[in-house]
Amino acid sequence: MKLYVNIARAVIQSLEMIFEQGKFADKVIEKVLKQNPKWGARDRRFIAETTYDIVRWYRLLQTLTDTPSNDYWSLLGGWCVLHDVPMPEWDELKGLNPDKIRARLEKFQQIRRINESIPDWLDDLGEQELGARWDDELHALNEEAEVVLRTNTLKTSLRELRAMLLEEQVETATLPDVPDALVLERRQNVFRLPAFKQGLFEVQDAASQLIAPFMRLEPGMRVVDACAGAGGKTLHIASLLQNKGRILAMDTEEWKLEELKKRARRATASNIETRVIDSSKTVKRLEKSADRLLLDVPCSGLGVLKRNPDAKWKLSTEFIQNVRELQQHIINDYCEMLKPGGLMVYSTCSIMPSENEVQVKKFLETQNGRFDLLDEAHAWPSEGFDGFYMALLRRLS
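The structure displayed is predicted, hence computed values, not measured ones.

Parameters at a glance
Residues numbered from 1 in each chain as written. Predicted model: local features only at pLDDT ≥ 70, side-chain atom pairs only at ≥ 80, totals over all residues. Heavy atoms only, no water. Phe/Tyr/Trp six-rings, centres within 6.5 Å; stacked < 30°, edge-to-face > 60°. Helix = DSSP H or I, 4+ residues; strand = E, 2+ residues; numbered from the N terminus. Lys NZ or Arg CZ within 6 Å of the ring centre and 35° of its normal. Buried < 20%, exposed > 50% of the residue type's maximum accessible area, 1.4 Å probe, protein only. Contact = heavy atoms within 4.5 Å. Pairing = 2+ DSSP bridges. Axes fitted to C-alpha atoms, helices over the stretch in contact; angles between N-to-C directions. Right-handed = clockwise from strand over helix to strand, strands pointing away.

Colleague: Any chance you could break down the packing of aromatic side chains for me, citing the residues and the numbers?
Modeller: The relation between two aromatic rings is expressed through the spacing of the ring centres and the mutual angle of the planes. Applying the stated criterion to the full structure yields 8 aromatic pairs. With a centroid separation of 5.4 Å and 65 degrees between ring planes, the pair formed by Y58 and W313 is classed as edge-to-face. One end of the pair, Y58, is in helix α4 (residues 58–65); the other, W313, is in helix α16 (residues 311–314), and 255 residues separate them in sequence. Grouping aromatic residues by their ring pairs yields a cluster made of F19, Y58, Y72 and W313. Residue placement shows R133 over the ring face of W380; its charged tip is 3.8 Å from the ring centre.

Here's what the structure looks like:
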């Protein structure tokens, strides 16, 4: 493999935007790739994957190259050594010694926070909350995320979709425990496929696809998705309801709900209404109106570092404390939308008990017998996909 300077510069530019301008990695890659439409598929894939890889292993690469944290050329050089890519004789890479880098790798492999490339405080938090489990979960969070599709059963079946994708040279595998999921055998841009434009699938991680079925939905129900965002789970709910009943998708961000409307049109999900939460009155007006309530609450995102590796460098203890307080506010205020006898799912894409089991226990104590816990489940990163937590609660009075 040979490294070309224009492709390397695109990686460096991406890293500068992520680390110095605080931009989200996925948006950065999208922007950088749009700047040069002449790049071929191989170059585009290299830029995206190498940028993500350097972001993921940022601390390790900086330690191995023993250079300032903003010397992105040296980080790229260190990446070359770790991947056995011949290091080009460029001025930007002068002073890097591959043998020294390899020797330092051997030295630091026994120090988890460096070898797994994570800030000290986050390593401490993980060990404190998950104990012996943290080793395996942290290691799994550094793996590249799989691309998983969810079949839109309003328009097609998994078998039909899989056959159609195969005709387009897209090979997929099924998952026995996730009935609508197809996992790509090879990463590629699925948004260009006719099957996507026809609304036959959405991109949704396998663990995320466990949430809607956990709600015990039945066609004809009135469902509120109160933290809907751009609507990945809302659309799954619509498909499980078979377009029968009503779904009210709510969020504090109007632009996210606009995106949901576009996706719903493509999916022919016709039973979704959107509503912006612009004050506490929006929630109060819906008291005791829902048969099912989904609270996929804001969280640290520590279960989805596979696909958002830049988050570990942007998170802070203060942010996580604030998000825990927000979670309690949401679950205690929004639960009033549920009818007595109705079911509510509280979910996060975090693996930390302080955002999950601890929050549910605290909620049940605060509600003093008005709710009970029927079931809870985890999807762990070490099982191959994103990390999620879900709790099924019933309103008694």
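Read on for the rest.
Colleague: Describe helix α5 (residues 72–82), naming the residues involved and giving the relevant values.
Modeller: Burial analysis of α5 places 10 of its 11 residues in the buried class, which makes it a mostly covered element. Here α5 has its buried residues at Y72, W73, S74, L75, L76, G77, G78, W79, C80 and V81. Along its buried surface, α5 packs onto α1 (5–20), α3 (41–56), α4 and α6 (98–108). At the C-terminal side of α5, D84 shows a positive phi close to 55 degrees.

Colleague: I'd like a rundown of the sheet that holds strand β9 (residues 338–348), residues and numbers included.
Modeller: Taking strand neighbours across the sheet as the criterion, the 7 strands line up as β7-β6-β5-β8-β9-β11-β10 in an open arrangement whose pairing is mixed. Here the strands that pair on one side only, and so sit at the sheet edges, are β7 (272–276) and β10 (371–379). Between one strand axis and the next, the sheet turns by 15 degrees as a mean value, whatever way the strands run. With 6 bridges joining them, strand β8 (residues 290–296) and β9 adopt parallel strand pairing. Opposite A290, over in β9, you have L338 as the bridge partner. Against the sheet, helix α17 (residues 317–334) touches β8 and β9, its axis set at about 165 degrees to β9.

Colleague: I'd like to hear about the sheet that holds strand β2 (residues 172–175), residue by residue, with values.
Modeller: If you walk across this open sheet you meet the 4 strands as β2-β3-β1-β4, and the pairing is antiparallel. The two strands at the open ends of the sheet, each matched to only one other strand, are β2 and β4 (201–203). Direction aside, neighbouring strands of the sheet carry axes that sit 35 degrees apart on average. Direction of pairing for strand β1 (residues 148–151) relative to strand β3 (residues 178–184): antiparallel, over a ladder of 3 bridges. From the neighbouring strand, V148 faces β3, where its bridge partner is V183. Along the sheet, helix α13 (residues 232–240) makes contact with β1, β3 and β4, crossing β1 at roughly 35 degrees.

Colleague: Explain unusual backbone geometry to me, and be specific about the residues and the numbers.
Modeller: For R216, which is not a glycine, the phi torsion comes out positive at approximately 55 degrees. If you trace the backbone, R216 turns up in the loop between α12 (211–214) and β5 (222–225). A positive phi angle, close to 55 degrees, is found at N368, a residue other than glycine.

Colleague: Requested: an account of the side chain of R263, with residues and values cited.
Modeller: Inspection of the secondary structure puts R263 in helix α14 (residues 254–267). Leave out the neighbours within four places in its chain, and R263 touches E202, A230, G231, G232 and L235.

Colleague: Give me the pairing of strand β6 (residues 246–251): which residues, what numbers.
Modeller: Across the 6 residues that make up β6, a large majority, 5, are buried. Across 4 bridges, the pairing between β5 and β6 is parallel. Each residue of the ladder has a partner; that of V224, found in β6, is L248. For the crossover from β5 across α13 to β6, the handedness is right-handed. Strand direction decides the pairing type here: β6 and β7, joined by 5 bridges, are parallel.

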